2 protein chains.
Amino acid sequence: MNEGISLEELQLAARNHGMPLEALRYAITPVGLHYLLIHYDVPVVEPESWRLSVRGERELVLDLDELRARPAVELAVTMECAGNGRAKLEPRPVSQPWLLEAVGTARWRGTPLRPLLEEAGMGDAVEVLFTGLDRGVEGGEEQAFQRALPLEDALRDEVLLAYEMNGAPLPPQHGFPLRLVVPGWYGMTNVKWLERIELLDEPFAGFQNVMGYRLRQTEDEEGDPLSRMQPRSLLIPPGIPEFMTRDRTASAGQVLLQGRAWSGIAPVDAVEVSADGGVTWAPAELEPEGEPWAWRGWSFRWTAEPGEHVLCSRARDEAGNEQPAEPPWNLGGYANNAVQTVRVTVTG
Amino acid sequence: MNEGISLEELQLAARNHGMPLEALRYAITPVGLHYLLIHYDVPVVEPESWRLSVRGERELVLDLDELRARPAVELAVTMECAGNGRAKLEPRPVSQPWLLEAVGTARWRGTPLRPLLEEAGMGDAVEVLFTGLDRGVEGGEEQAFQRALPLEDALRDEVLLAYEMNGAPLPPQHGFPLRLVVPGWYGMTNVKWLERIELLDEPFAGFQNVMGYRLRQTEDEEGDPLSRMQPRSLLIPPGIPEFMTRDRTASAGQVLLQGRAWSGIAPVDAVEVSADGGVTWAPAELEPEGEPWAWRGWSFRWTAEPGEHVLCSRARDEAGNEQPAEPPWNLGGYANNAVQTVRVTVTG
């Protein structure tokens, strides 16, 4: 492992949090167990005076009741932070130090974005910019959290402006009163506390598109923007944990390993499990395909023999993408979908 | 500061999480923003087959409907982890590395404990032992999370077996279906996922009472058990944060500083604020006294001049306890209620 985590990294880890991996047992992650990353502060929002502005060839201004009166869609969506796995990279890029837990699946209910863009008039727009109410300083610039999406991605049917999570109004920390949900994309896309949507004739040159969330090896490189989630599978660590080390102990015999797998690129079509640290692999049993943007459950009957074992699982999607054994390194520490390893001591 | 945080500490920080300090704006902390510490894993609980056993001179066995049919009380209770502030100690005791955020206030609804103990028959009991369904290894011993309370503390009117948090069934991570709530005491007292309550004729010698959660300077010392929360005040960091450092920037002029203060020993009767790192202090305005076990809001009108400032607040309770400037050190890193400091750059 790397040198120790700094105080600054710890400050972020104390505020933001992952999903404890035993919560993989829930197809829909309960609020409070879903991962959370907030760049700045949760902003103060007064729902009565809050309005959404949508600016194209004309400006639409909508309050929450008007948004709720529009056609509604509810989708189960798996969302993962682009920085998940960052703290496992060497050298470790310094930012929110995620291990493996920056993921969750929620039922998001909201109104489709496309009709609103059409009503505002798209003209020659090439991108759609989403601005949240959260303000801070990043890369030396004072800014609201803002991120733009190429027009063709913003127009996809599954893109929502969500006002409910798991059947209740959005909690403050998940973007109350309204957030963008772009199924299949990494978390930074899903702008929280939305106040403004703008159709842009030129690509947006703001921090979160041009500096942050790009795959690059050096500061000089332009790099490619992060977009869709790479495939990943995680398993529920079996047995019981040691408080401090989180090392696992399980009893010998039949152990039902369970986990979930997802990819933002194409449906998951295979999960394999290894009990020897990735030397040999065997197929897991996939649950029936569920909703298209949610993770897919799997299980594997493991005959646990006394001794030390290293459990792994890996996902493959229909586009042929598969998790690597070793993490791909990049400057921002993004999209590390290397295979999880879980050490287990099996007692006789 | 200390040497870097270890991978093991980071693993705990990624699972457990504090309350982002801007959430001090809520008198009742929304679920998901309340702090959370789970020693082992969130256990699997089937509510239909779950039963609570209460064992005194006789055994009572109750299901959730029977508990909900008993007299109900709802209390707003501020709860803080005994390890809050641990990561600010030097040398740093190695455990969950809390900075300042391990706190929250919820509305807990449940049935008073005392009548159940009386129905079970207390005989010559001296302590009451609470056992949760969560299992793990700690101090080399496999165990369920178990903690005992002296009988006289267990019999207090405000001690509840809670099945609701903020008007909804307990979330899994806060102890579904039932947890103990002992207002005024540090978090470890409030055993989650309760399955068994036992009246004991001898003091309990289990890990969480005898080894953990004691104030001591060395391993050899017996030490005193943690019980009630020491006074503490926290303020909402003003202005806006830098993403990575969390350093604050605010504009010159009138700034309304706000925070909340609590003590488990006696009601808070004074909060003072300093804008010069604790050299000079001025009284904050306290909100009217609210519910007896919940924190008390306060505000302070600060005239922010351009430059660098260090904001602090400190609470005093009616018993005369006051927050220290320097943290008290102990082996477990408990009860560090030293004054918070918030650095702010004020721009003209």
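Computed from a predicted structure; not experimentally measured.

Visitor: Give a detailed account of helix α1 (residues 7–15) of chain A, specifying residues and quantitative values.
Guide: Residues spaced three or four apart along an α-helix face the same direction, because each turn holds 3.6 residues. Looking at α1 of chain A, one finds that the buried residues are Glu9, Leu10, Leu12, Ala13, Ala14 and Arg15 of chain A. Those residues of α1 of chain A that are buried lie in contact with α1 (7–15) of chain B.

Visitor: How would you sum up the interface of chain A and chain B? Please name residues and give values.
Guide: Taken together, the contact pairs 54 residues of chain A with 52 residues of chain B. Between chain A and chain B the total buried area reaches about 5,000 Å² when both faces are included, carbon and sulfur atoms providing 64% of it. Scanning the region where chain A abuts chain B turns up six salt bridges. Asp41 of chain A serves as the salt-bridge partner of Arg246 of chain B, at 2.7 Å between the closest nitrogen and oxygen. On the surface where chain A and chain B come into contact, there are 25 residue pairs in polar contact (both at pLDDT 80 or more). Broken down by element, the side of chain A that touches chain B gets its largest block of residues, nine residues, from α1 of chain A.

Visitor: Residues and numbers for a negative patch on the surface, please.
Guide: A contiguous patch of negative charge on the surface is contributed by Glu57, Asp124, Asp201 and Glu202 of chain A. Mapping Glu57 of chain A onto the fold places it in the loop between β1 (52–55) and β2 (59–62).

Visitor: Please set out the nonpolar core residue by residue, giving values where relevant.
Guide: Judged by nonpolar contacts, the single largest core of 147 residues is most densely connected at Ile197 of chain A together with Ile197 of chain B. Excluding residues that lie within four positions of it along the chain, Ile197 of chain B makes contacts with Leu52, Ser53, Val54, Arg55, Leu113, Leu117, Val128, Leu129, Phe130 and Leu161 of chain B.

Visitor: If you had to explain the sheet that holds strand β15 (residues 248–251) of chain B to someone new, which residues and values would you point to?
Guide: Residues and elements named next belong to chain B. Pairing within the open sheet is mixed, and its six strands lie in the order β14-β15-β22-β21-β17-β18. Each edge of the sheet is formed by a strand with only one pairing partner; in this case those strands are β14 (240–241) and β18 (282–283). Relative to strand β22 (residues 340–347), β15 is paired through four bridges, and the arrangement is parallel. Bridge pairing in β22 links Ser251 to Thr347.

Visitor: Provide a residue-level description of unusual backbone geometry, including the pertinent values.
Guide: With an omega of -10°, the peptide bond running from Glu90 of chain A to Pro91 of chain A counts as cis. Counting through the fold element by element, Pro91 of chain A comes out in the loop between β3 (73–80) and β4 (103–112). Each neighbour pair has its own omega, and for Phe176 of chain B with Pro177 of chain B the value is 10°, a cis peptide bond. Relative to the helices and strands, Pro177 of chain B resides in the loop between β8 (168–169) and β9 (179–181). If you check the backbone angles, Trp193 of chain A has positive phi at about 50° while not being a glycine. With respect to the element layout, Trp193 of chain A can be found in the loop between β9 (179–181) and β10 (194–200).

Visitor: So what's going on with the confidence of the model for chain A? Which residues, and what values?
Guide: Averaged over all residues, the pLDDT of chain A is 97; the fraction at 70 or higher stands at 99%. For this predicted complex, the interface confidence score (ipTM) comes to 0.96, while the overall pTM stands at 0.97.

Visitor: Mind laying out the environment of Glu195 of chain B, listing which residues take part and the relevant values?
Guide: Residues and elements named next belong to chain B. By the secondary structure assignment, Glu195 is in strand β10 (residues 194–200). Classification of Glu195 as partly exposed rests on a relative accessible area of 29%. Spatially, the C-alpha atoms of Glu195 and Ser251 are 53 Å apart, while their sequence positions differ by 56 residues. For Glu195, the contacting residues outside a window of four places in its chain are Trp50, Arg51, Leu52, Ser53, Thr131, Gly132 and Leu133.

Visitor: Give me the lowdown on the sheet that holds strand β19 (residues 285–286) of chain A, citing residues and values where you can.
Guide: Residues and elements named next belong to chain A. If you trace the four strands from one edge of the open sheet to the other, you get β13-β16-β20-β19, paired in antiparallel fashion. The open sheet has two edge strands, β13 (232–235) and β19, and neither has a second partner. In this sheet, strand β20 (residues 296–304) lies alongside β19 in antiparallel orientation, the contact comprising two bridges. Bridging from a neighbouring strand, Leu286 pairs with Trp298 of β20.

Visitor: Before we move on, could you go through the pairing of strand β16 (residues 253–262) of chain B and cite the residues and values that matter?
Guide: Residue and element names in this part refer to chain B. One ladder, built from four bridges, connects strand β13 (residues 232–235) with β16; its direction is antiparallel. When the bridges of β16 are listed, Leu234 appears paired with Arg260. Pairing geometry for β16 and strand β20 (residues 296–304), over nine bridges, is antiparallel. Directly across from Arg260, in β20, lies its bridge partner Gly297.

Visitor: I'd like a rundown of the pattern of salt bridges, residues and numbers included.
Guide: Here the idea is simple: oppositely charged side chains can pair when their charged atoms come close. Under the defined criterion, the tally for this structure stands at 40 salt bridges over all chains. The closest approach of N and O atoms between Arg114 of chain A and Glu118 of chain A, which form a salt bridge, is 2.7 Å. With Arg114 of chain A and Glu118 of chain A both in helix α3 (residues 114–120) and four residues apart, the pair spans about one turn of that helix. The class for Glu118 of chain A is partly exposed, based on a relative accessible area of 39%. Of the charged contacts, one joins Arg55 of chain B and Glu59 of chain B as a salt bridge, the two residues approaching to 3.5 Å between their closest N and O atoms.

Visitor: Outline the side chain of Arg147 of chain A, listing residues and values.
Guide: Residue and element names in this part refer to chain A. As for its placement among the helices and strands, Arg147 is situated in strand β6 (residues 141–150). There is a polar contact of 3.1 Å between the side chain of Arg147 and the backbone oxygen of Gln208. If we skip the residues at most four places from it in the chain, Arg147 touches Val128, Leu129, Phe130, Met188, Thr189, Val191, Gln208, Asn209, Tyr213 and Leu226.

Visitor: Tell me about the relation of the copies chain A and chain B, residues and numbers included.
Guide: With an RMSD of 0.0 Å, the operation that places chain A on chain B is a rotation of 180° combined with a shift of 0.0 Å along the axis. The relationship between the two copies is best expressed as a two-fold rotation axis. Comparing contact sets, 96% of the residues at the interface of chain A also lie at the interface in chain B, consistent with an isologous, same-surface contact.

About the thresholds
Throughout, a residue's number is its position along its own chain's written sequence, starting from 1. By the order in which they are written, chains take letters starting at A while ligands take numbers starting at 1. Reporting in this predicted model follows two pLDDT cut-offs: at least 70 for local features of residues, and 80 or more for side-chain atom pairs to be given and counted; totals over whole chains, interfaces and linings ignore these cut-offs and use all residues. Processing note: side-chain calculations cover all non-hydrogen atoms of the structure and skip hydrogens and water entirely. Only protein chains enter the accessibility calculation, which uses a 1.4 Å probe; a residue is then buried when its area is under 20% of its type maximum, exposed when over 50%, and partly exposed in between. Secondary structure elements follow DSSP: runs of H or I of four or more residues count as helices, runs of E of two or more count as strands, with numbering from the N terminus. By the convention used here, residues are in contact when the closest approach between their heavy atoms is within 4.5 Å. When two parts are brought into contact, each loses some accessible area as probed by a 1.4 Å sphere; the total of that loss over both is the buried area. By salt bridge we mean one thing: a side-chain nitrogen of Lys or Arg within 4 Å of a carboxyl oxygen of Asp or Glu. Two N or O atoms count as a polar contact when they lie within 3.5 Å, although within protein this holds only if one can serve as hydrogen donor and the other as acceptor, and sequence-adjacent residues are included solely when both atoms are side-chain atoms. Patch definition: residues above 30% relative accessible area lacking any salt bridge, with like charges linked at up to 9 Å and the nonpolar side chains Val, Leu, Ile, Met, Phe, Trp and Tyr linked at up to 5 Å. Per-residue accessibility takes into account occlusion by the displayed protein chains alone, with areas from the Shrake-Rupley method and a 1.4 Å probe. The charge count treats Lys and Arg as positive and Asp and Glu as negative. His and the chain ends do not count. To locate a charge, take NZ of a lysine, CZ of an arginine, CG of an aspartate or CD of a glutamate. In this text, buried Ala, Val, Leu, Ile, Met, Phe, Trp, Tyr and Cys residues form a nonpolar core when linked through side-chain atoms within 4.5 Å. At least two DSSP bridges between two strands are needed for those strands to be called paired. pLDDT: the predictor's confidence for each residue, scored from 0 to 100. Copies overlap after least-squares fitting; the atoms used are the C-alpha atoms of residues with pLDDT of at least 70 in both.

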